[in-house]
Amino acid sequence: MKNRNLILVLPTVALYFSLMSIPAYSQQNSLGAFAGQTDVGNPSKLGSGTYDSEKQDYSVDGSGTNMWQGRDQFHFVWQRLKGNFILTTRAEFIGKGAEAHRKIGWTVRPSLDADAPHATAVVHGDGLTALQFRRTRAAQTEELRSSLQAADVIQLERKGDTFIMSVARFGEPFVSEQVSLTLGEEVYVGLFVCSHNKDVVEKAVFRDVRITVPASDNFVPYRDYIGSSLEVMDVANGNRKIIYQAPDSFQAPNWTKDGLALIYNSNGRLFRFDLAKKTPTAIDTGFATNNNNDHVLSFDGRMLAISNHSKADENASIVYTLPVSGGVPRRITSKGPSYLHGWSPDGKYLVYTGGRDGEFDVYKISSSGGKETRLTSAKALDDGPEYTPDGRYIYFNSTRSGTMQIWRMKPDGSGQEQITDDEYNNWFPHIAPDGKWIVLLSFLKSEVAPADHPFYKHVYIRLMPAPGGNPKVIAYVYGGQGTINVPSWSPDSKRLAFVSNTAMK
């Protein structure tokens, strides 16, 4: 399915926070996304939690004899939530530690009582990783051990009365376990540290902490939307920062050539986000106010190409160009739908996905307009074309193998070859400005049809060498459509901008 979002209707959100809307990473809140902290079970040594608003990470100290049997002791940094949620973090102990079974992770419980029922995603000091749970008050703790040892990415999700622990070593996909528990509608959720020794305080750091409220089960795609977070990632280490949030949908950030701003779309308009001031400003695109999330900067940074839905063409997507500072768009494609994806490095050509006679293929056209050239003809969806910085190849994604995989070809369409062949549906290959790396968006085959790239799914952002190779996960994201539809590398090839999603009040 070839869809491009216009973001014309705002959502009715059916999920609510029990306190105020989570103040994600607010510098005014000393605990960032959390409302409070406490020592559960009265351990003999006090714990503490602090939030670094610059790094957006959490340092938590905790003591306690154990979290096991019918009673727990630990330090807890918490928020209260209702409904479904997804809790994700990268976590690690600080220091060698005194006990093999010191513990860190996420826990969910209906009260702060030491014997409360709970669901806990836990990593032990010796690497044991498990979904541990207590079904009723003061009952014995049970566990489902993961096949993965020493996880440092920990996720705990609630879907109704099902709790799903997904864990990974950073760079690898998740491994999951789940259990059915009834913990009540409103619960405490948060990060914890337990030393497993009443005389010891252990320390841990939690990075890339995300408390996500997903879309409701009955949301209607392309009509209902949830909130958006603009994130910037250091590609070398995967560390992420949220730099802007809004309760409606915005999508697809481009990085400007000067490195000072990002360009994204929202409600059919394009906005320039000033990275220093942390503020967006609308870009004047003249009559083109019905833009989808396909917009690309020329390699020299002077021009912007957009895909605007034209009423004169039965609301089909048409490619236009205009100066990056704004102005009256110039029409390039005569036919629609045409979904833009890339410029040639010399600025002479645009490549896009065109729907012609019921087939979607990759096309090339002069950046001044004229006759289009069809580059692919497989009986499949070919999408997401993008030139390499040296102009030698066009990368794209295609379902011709049965799943959506990454391919490449020469600029004249010859030499088409498959680059990825794995268990995911892979979309939108974006080549780093230095030409060495590619990022791509990977959907789980069990959740998404090969030809679809929907909103509000568990997705991976993955990194692989440009010539090909085994991609590694660099971000575990709730998103999908609009996350990285367009080239979003920083000019120095060190950072990546993308959009994640969560419901907000």
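Further up the page is the structure itself.
Report on the accompanying structure. Computed from a predicted structure; not experimentally measured.

1. Digging into the overall build of the protein chain
At step 1: Scanning the protein chain for helices and strands turns up zero helices and 39 strands.
At step 2: Expected size for 505 residues packed as a compact globule is a radius of gyration near 23 Å; at 24 Å, the protein chain falls within 12% of this value.
At step 3: Judged by the C-alpha coordinates and their principal axes, the protein chain covers about 75 × 40 × 40 Å.
At step 4: In the protein chain, the share of contacts with a sequence separation of at least 24, taken over all contacts with a separation of at least 6, comes to 55%.
At step 5: Summed over all atoms, the accessible surface of the protein chain reaches about 19,200 Å², with 48% contributed by carbon and sulfur.
At step 6: Charged side chains in the protein chain number 54 positive and 53 negative. The centres of these two groups are separated by 3 Å.

2. Digging into the side chain of His-124
At step 1: For His-124, the location among the structural elements is in strand E9 (residues 118-124).
At step 2: With residues near it in sequence (within four places) discarded, His-124 still touches Phe-93, Ala-100, His-101, Arg-102, Lys-103 and Gln-132.

3. Some remarks on the sheet that holds strand E20 (residues 261-266)
At step 1: Pairing is antiparallel across the open sheet formed by four strands, whose spatial order is E19-E20-E21-E22. Edge positions in the open sheet fall to strand E19 (251-255) and strand E22 (279-282), since each of these has one partner strand only. Strand-to-strand twist across the sheet, computed as the mean angle between neighbouring axes with direction ignored, equals 30°.
At step 2: Where E19 lies against E20, three bridges are found, and the strand directions are antiparallel. Looking at the pairing, Gln-251 lines up with Asn-265 of E20.

4. Some points on the nonpolar core
At step 1: In terms of nonpolar packing, the biggest core is built from 38 residues, with Phe-34, Trp-106, Val-108, Leu-156 and Phe-206 touching the most fellow members.
At step 2: Ala-432, Phe-443, Ile-474 and Val-477 belong to the second largest nonpolar core, which has 21 residues in total.

5. Let's talk about the pattern of salt bridges
At step 1: Tallied over the entire structure, the rule returns 24 salt bridges.
At step 2: Residue Asp-113 is joined to Arg-137 by a salt bridge in which the shortest nitrogen-to-oxygen separation is 3.0 Å. One end of the pair, Asp-113, is in the loop between strand E8 (103-109) and E9; the other, Arg-137, is in the loop between strand E10 (129-134) and strand E11 (142-145), and 24 residues separate them in sequence.
At step 3: Taking relative accessible area as the criterion, Arg-137 reaches 52% and is therefore assigned exposed.
At step 4: A single network of salt bridges, built from pairs that share partners, joins Asp-72, Arg-109 and Arg-134.

6. With respect to the pairing of E22
At step 1: The pairing of strand E21 (residues 269-274) with E22 spans four bridges and is classified as antiparallel. When the bridges of E22 are listed, Phe-271 appears paired with Ala-282.

7. Details of the packing of aromatic side chains
At step 1: All told, the structure shown has 24 aromatic pairs when counted by the stated rule.
At step 2: Measuring from ring centre to ring centre gives 6.2 Å for Phe-174 and Tyr-460, while their planes differ by 50°; the resulting arrangement is tilted. With Phe-174 in the loop between strand E13 (162-168) and strand E14 (175-180) and Tyr-460 in strand E37 (residues 457-465), the pair connects residues that are 286 residues apart, well separated along the chain.
At step 3: Within the aromatic cluster, the residues linked to one another by ring pairs are Phe-219, Tyr-222, Tyr-225, Phe-455, Tyr-456 and Tyr-478.
At step 4: For Arg-90, the ring lying beneath its charged end belongs to Phe-170, and the centroid distance is 3.8 Å.
At step 5: The side chain of Arg-356 reaches across the aromatic face of Tyr-363, ending 5.2 Å from its centre.

8. Concerning the pairing of strand E24 (residues 303-310)
At step 1: The buried fraction of E24 is high, at seven of eight residues.
At step 2: Sheet topology note: the strand E23 (residues 291-297)/E24 ladder contains four bridges and is antiparallel. Across the sheet, Leu-297 pairs through a bridge with Leu-304, a residue of E24.
At step 3: In sequence, E23 turns back onto E24 through a hairpin of five residues, with Gly-301 there showing a positive phi of about 80°.
At step 4: As defined by bridge partners, E24 adjoins strand E25 (residues 316-323) across eight bridges and the pair is classed as antiparallel. Looking across to E25, one finds that Ser-307 is bridged to Val-319.

9. Describing empty space enclosed by the protein
At step 1: A full pass over the atoms with the stated rule returns one cavity of 30 Å³ or more.
At step 2: Looking at the largest cavity, its volume works out to about 70 Å³.
At step 3: Considering the residues around the largest cavity, the lining is formed by Thr-88, Thr-89, Arg-90, Val-153, Phe-170, Asp-208, Gly-238, Arg-240, Ile-474, Ala-475 and Tyr-476.
At step 4: Breaking the lining of the largest cavity down by element, the ones donating at least two residues are strand E7 (85-94) and strand E38 (472-479).

10. Here's the deal with the sheet that holds strand E29 (residues 359-366)
Strands in a sheet are paired, the pairing made by backbone hydrogen bonds, and the direction either parallel or antiparallel.
At step 1: Pairing is antiparallel across the open sheet formed by four strands, whose spatial order is E27-E28-E29-E30. Among the strands making up the open sheet, the edge pair consists of strand E27 (338-343) and strand E30 (373-374).
At step 2: Across five bridges, the pairing between E27 and strand E28 (residues 349-356) is antiparallel. If you follow Gly-342 over to E28, its bridge partner there is Val-351.

11. Comments concerning the side chain of Asn-290
At step 1: Its location among the elements puts Asn-290 in the loop between E22 and E23.
At step 2: By relative accessible area, Asn-290 is classed as buried at 18%.
At step 3: A polar side-chain atom of Asn-290 sits 3.4 Å from a polar atom in the side chain of Asn-315.

12. Digging into unusual backbone geometry
At step 1: Omega for the peptide link from Gly-336 to Pro-337 comes to 0°, which places this bond in the cis form.
At step 2: Position of Pro-337 among the secondary structure elements: in the loop between strand E26 (330-331) and E27.
At step 3: One non-glycine residue, Ser-493, adopts positive backbone phi at about 65°.
At step 4: For Ser-493, the location among the structural elements is in the loop between E38 and strand E39 (495-502).
At step 5: Overall, Ser-493 belongs to the buried group, its relative accessible area being 12%.

Cut-offs and rules
Along each chain, numbering runs from 1 in the same order as the chain's sequence is written. Residue-level local features of this predicted model are given only where pLDDT is at least 70; pairs of side-chain atoms are given and counted only at 80 or more, and the full residue set underlies all totals for whole chains, interfaces and linings. The basis for the side-chain values is all heavy atoms of the structure; hydrogens and waters are excluded. Labels follow the DSSP assignment, with helices taken as runs of H or I lasting at least four residues and strands as runs of E lasting at least two, numbered in each case from the N terminus. As a reference, a globule follows 2.2 Å times the number of residues to the power 0.38, and the radius of gyration itself is taken over C-alpha atoms. Contact definition: two residues touch when any of their heavy atoms are within 4.5 Å. For the accessible areas, the method is Shrake-Rupley and the probe is 1.4 Å, while residue cover comes only from the protein chains on display. For the purpose of charge, His is not counted, nor are the chain termini; Lys and Arg are scored as positive and Asp and Glu as negative. Charged groups are reduced to one reference atom each: NZ for lysine, CZ for arginine, CG for aspartic acid, CD for glutamic acid. Strand pairing is assigned whenever DSSP identifies at least 2 bridges connecting the two strands. A fitted line through C-alpha atoms serves as each axis, taken over the contacting stretch for helices, and the angle formed by two N-to-C directions is quoted from 0 to 180°. Among buried residues, the Ala, Val, Leu, Ile, Met, Phe, Trp, Tyr and Cys ones that are joined through side-chain atoms within 4.5 Å form a nonpolar core. Each residue is placed in one exposure class: buried if its accessible area under a 1.4 Å probe, protein chains only, is under 20% of its type's maximum, exposed if it is over 50%, and partly exposed if it falls in between. Put simply, a salt bridge is a Lys or Arg side-chain nitrogen that is within 4 Å of an Asp or Glu carboxyl oxygen. Any pair of Phe, Tyr and Trp rings, taking the six-membered ring for Trp, is counted once the centres come within 6.5 Å. Such a pair is stacked with planes under 30 degrees apart, edge-to-face with planes over 60 apart, and tilted for the rest. The rule is short: NZ of Lys or CZ of Arg within 6 Å of the ring centre and within 35 degrees of the ring normal puts a charge over the ring. For cavity detection a 1 Å grid was placed over the protein atoms alone, and a set of points counts as a cavity when a 1.4 Å probe fits there but cannot get out; an open set counts as a pocket when protein lies on both sides within 12 Å along at least five of seven lines, with lining residues being those that have an atom within 4 Å of a point. Grid points are joined across faces, edges and corners, and a volume is the space filled by probe spheres set on the points. The definition of a polar contact used here is a pair of N or O atoms within 3.5 Å, where within protein one atom must be able to donate a hydrogen and the other to accept one, and adjacent residues in sequence count solely through side-chain atom pairs.

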